[in-house]
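Fold and contact review
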Amino acid sequence: MNARGFWRGRLWLALPLLAALYVLLVLGASRWLGGVRVDLTQDRLYTLSPGTRDMLDHLNQPLDLTLYFSDRASHNLPQLRAYHQRVVSMLDEVVRDSHGRVHLKLVDPLPFSEDEDRATAAGLTSVPAEGTGESIFFGLAGRNAGNDHTAAIPFFLFARERYLEYDIAKLLYELSTPHKPRVAIYSGLPIWGGTDAEGNPAPAWTALQQLQQLFDVRRLDGASLASLQATDADVLVLIQPTGLSQADVQAVDRYVQRGGRLLAFVDPDSELDGDTGSELPTLFRAWGVAFDPERVLLDRSRALVVQSPLTGAPVRHPSVLGLTGDEFNRRDPVTAVLNLIDVSSAGYFKLLPDATIRLDPLIQSTTEAMSVPTARVREAFDPSALYNGYKPDGEHYAIAVRLVGTLPGAFPADVPARPPARKPEVILVGDTDLLADRLWVQAGTSPGQALMTPFANNGDFLVNAVDDLAGPSDLIAIRGRAVDERRFTRVDALRRQADDKFKAKQIELQAELSDTEQRIAQLKQSAHGHTGTAAQKAAVEQFTQRKLQIRGELRAVQRSLDADIERLSMLLKFIDILLMPILVSLLGLMYGAWRTARRRADGA
């Protein structure tokens, strides 16, 4: 008996054997490989980052963590329990990598128990369980055993699951850092909140709130800025610095020359300041930096979709940009791990011919960008009009830069005789709108607290820049991992080709439509409310028909804009849904036909 004949008669034994082998493998893996995980995500999102590990390596004092989770009250909430398992898994990994400095305790705070009182006293919040109304706790309390400093995560929200590692690392940072770096901010924009135009209370901007969680933030006005000394703040932040007196500018220059760290946001067109521009001409000229507040960047390859204020239709705005990883400096810690930053009507920096320093771009445009007068963007009620005569300049424009080298003083009398002990550092950003909530966070609701969910890394960029200037910290390497941008490069290329192909025709038809509507209005006005002559009636009818015809052509052009993208989408759906089953079926049919033919040949 050959091998094929042996297995043909005993094939029914193979299935139970395979099933038994599978069960043994599952039991063995759960017994001996229970703590082993494989993270197959491209950015290793489920693995502790090097920044967290470095933080754990440098802990000087023991930290006690207590995870409060209402186990009994959450029996009917499988999603919450699954999230709890993930939190426990990550905390176990933190404990494992802490070399014995982090201790974890799991507590189920039963109703009216001392544990429930301790959870509330630690700053945790509870939410009522749906149906039973029982209080559910799911938060983390931390204590530095060395100095008794405490901090807490009040509740682990589903919406912040992507930020789980950062939130835990931030808690460890707060526990292990007794003194926060001091940051002084002078802003010409309402970042501090207050009241809006209708008199309603307005909260502080989310970017500022993030900063206040990690730094000792001080607000400056004109008087306090003019008297600022280098020892008063670890980092000085200027946002939309309009209306500065010479004494203010001199104080900023003196602060930098004495070893200060400066982060400045200027803008050729700050939409939140009534389309007002800002710059620091005296300082820029002294440092050898060129910034033209009369020029704004357009970049059609990174244009974001906005609602046209003229037609209400979605349109890609070439001065509202979504800049991704390819436009970031991956060698600089400020932008190394960021994925997406949105900017609006941004300016750019260059070096003056006689500059003695170097500009290191942190954020830049693509080579599809072009520079246009600021007034053109301000006066463009329809963003589509900005595509008229669009011609890429073919160069990268630096939107945010780090100044490298010895910075000349703008006021020679204030330059210290000897170099300061700490080297001055300056980062310049050519946009202030990127700090506004509307460009990077979405407001939501959550029991007991306001929830702002980021969809871009604008806030991370601000905190990273301040963090780096104050003194590099491990949190920089963790921030930004959660916002992930996977750009569909093929779709983007098709969209640009469609824009190039049809935009000119669209603009031509819109101009003709506008002219036709004007001529119809003139003919009706010339009739002065009367019926008009037969010739006028015929002309009105002719122009009306032409207007309807143009509107039909415009709709056809609009449909054509996305035709290629729709075809690509259908092709991808076909590959994902039908192609593999068809291939497998064909292979099965071919194999069956081959076996049938072989049996017939053996029988013959």
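Report follows, based on the coordinates. Fair warning: this is a prediction, and the values are worked out from it, not measured in the lab. By convention here, each chain's residues receive numbers from 1 onward along its written sequence. In keeping with the predicted nature of the model, local features appear solely for residues at pLDDT of at least 70, side-chain atom pairs appear and are counted solely at 80 or more, and the whole-chain, interface and lining totals rest on all residues. Side-chain metrics rest on all non-hydrogen atoms present in the structure, leaving aside hydrogens and water.

1. Let's talk about the nonpolar core
If you look at soluble globular proteins, the nonpolar side chains tend to sit buried side by side. In this structure, Phe156, Ile185, Leu263, Phe265 and Phe461 are the most contacted members of the largest nonpolar core, which totals 84 residues. For this core, the element with the highest residue contribution is helix 5 (residues 164-176), accounting for 8 residues. The contact partners of phenylalanine 156, leaving out residues within four places of it in the chain, are Leu67, Tyr83, Val87, Phe138, Gly139, Leu140, Leu164 and Ile168. The definition of a nonpolar core used throughout is a set of buried Ala, Val, Leu, Ile, Met, Phe, Trp, Tyr and Cys residues joined through side-chain atoms within 4.5 Å. In this scheme, a residue with accessible area under 20% of its type's maximum is buried, one over 50% is exposed, and one in between is partly exposed, where area comes from a 1.4 Å probe on protein chains only. Secondary structure elements are defined from DSSP: runs of H or I of at least 4 residues count as helices, runs of E of at least 2 residues count as strands, and each element is numbered from the N terminus. Pairs of residues are marked as contacts when any of their non-hydrogen atoms sit within 4.5 Å.

2. Notes on helix 5
A helix is expected to span 1.5 Å multiplied by its residue count minus one. Between its terminal C-alpha atoms helix 5 stretches 18 Å, which fits the 18 Å expected from 13 residues at 1.5 Å a residue. Within helix 5, 11 of the 13 residues are buried, leaving the element largely enclosed by the surrounding structure. Turning to helix 5, its buried residues number three or more, namely Leu164, Glu165, Tyr166, Asp167, Ile168, Ala169, Lys170, Leu171, Leu172, Tyr173 and Leu175. In this structure, the buried side of helix 5 is in contact with helix 2 (50-57), strand 1 (63-69), helix 3 (78-96), strand 4 (135-144), strand 5 (150-153) and helix 6 (206-214).

3. Describing the pattern of salt bridges
Put simply, a salt bridge is a Lys or Arg side-chain nitrogen that is within 4 Å of an Asp or Glu carboxyl oxygen. Taken as a whole, this structure holds 20 salt bridges when the rule is applied. Arginine 118 is paired through a salt bridge with aspartate 115; the nearest N and O atoms lie 2.9 Å apart. With arginine 118 and aspartate 115 both in helix 4 (residues 114-121) and 3 residues apart, this pair spans about one turn of that helix. With a relative accessible area of 44%, arginine 118 lands in the partly exposed category. Relative accessible area serves as the criterion here: at 24%, aspartate 115 is assigned to the partly exposed category. Here arginine 182 ties to aspartate 234 by a salt bridge, and the two come within 3.6 Å at their closest N and O atoms.

4. Considerations on the packing of aromatic side chains
Working definition: an aromatic ring pair is given by the centre-to-centre distance plus the angle between the planes. Centres within 6.5 Å are what make two rings of Phe, Tyr or Trp a pair, Trp counting through its six-membered ring; a difference in plane orientation under 30 degrees is then read as stacked, over 60 as edge-to-face, and the rest as tilted. Per the stated rule, a full pass over the model turns up 11 aromatic pairs. Ring geometry for phenylalanine 138 and phenylalanine 155: centres 6.1 Å apart, planes at 80°, overall edge-to-face. Of the two residues, phenylalanine 138 is situated in strand 4 and phenylalanine 155 in the loop between strand 5 and helix 5; the sequence distance between them amounts to 17 residues. Neither phenylalanine 138 nor phenylalanine 155 differs from the other in exposure class; each is buried. Between tyrosine 348 and tyrosine 397, the aromatic rings sit 4.6 Å apart at their centres with planes inclined by 55°, giving tilted as the arrangement.

5. Some words on the sheet that holds strand 16 (residues 303-307)
Strands are labelled as partners when DSSP assigns at least two bridges between them. The sheet built from 3 strands is open, its strands ordered 16-17-18 with antiparallel pairing. Pairing within the sheet leaves two strands with one partner each, and these edge strands are strand 16 and strand 18 (340-344). Taken pair by pair, the neighbouring strands of this sheet meet at an average axis angle of 45°, ignoring direction. Bridging between strand 16 and strand 17 (residues 314-324) involves 5 bridges; their strand directions are antiparallel. Its bridge partner being in strand 17, valine 305 is matched across the sheet by arginine 316. To get an axis, a line is fitted to the C-alpha atoms, and for a helix only the part in contact is used. The angle between two axes follows their N-to-C directions and goes from 0 to 180 degrees.

6. Remarks on unusual backbone geometry
A positive phi angle is found at aspartate 148, which is not glycine, with a value near 65°. With respect to the element layout, aspartate 148 can be found in the loop between strand 4 and strand 5.

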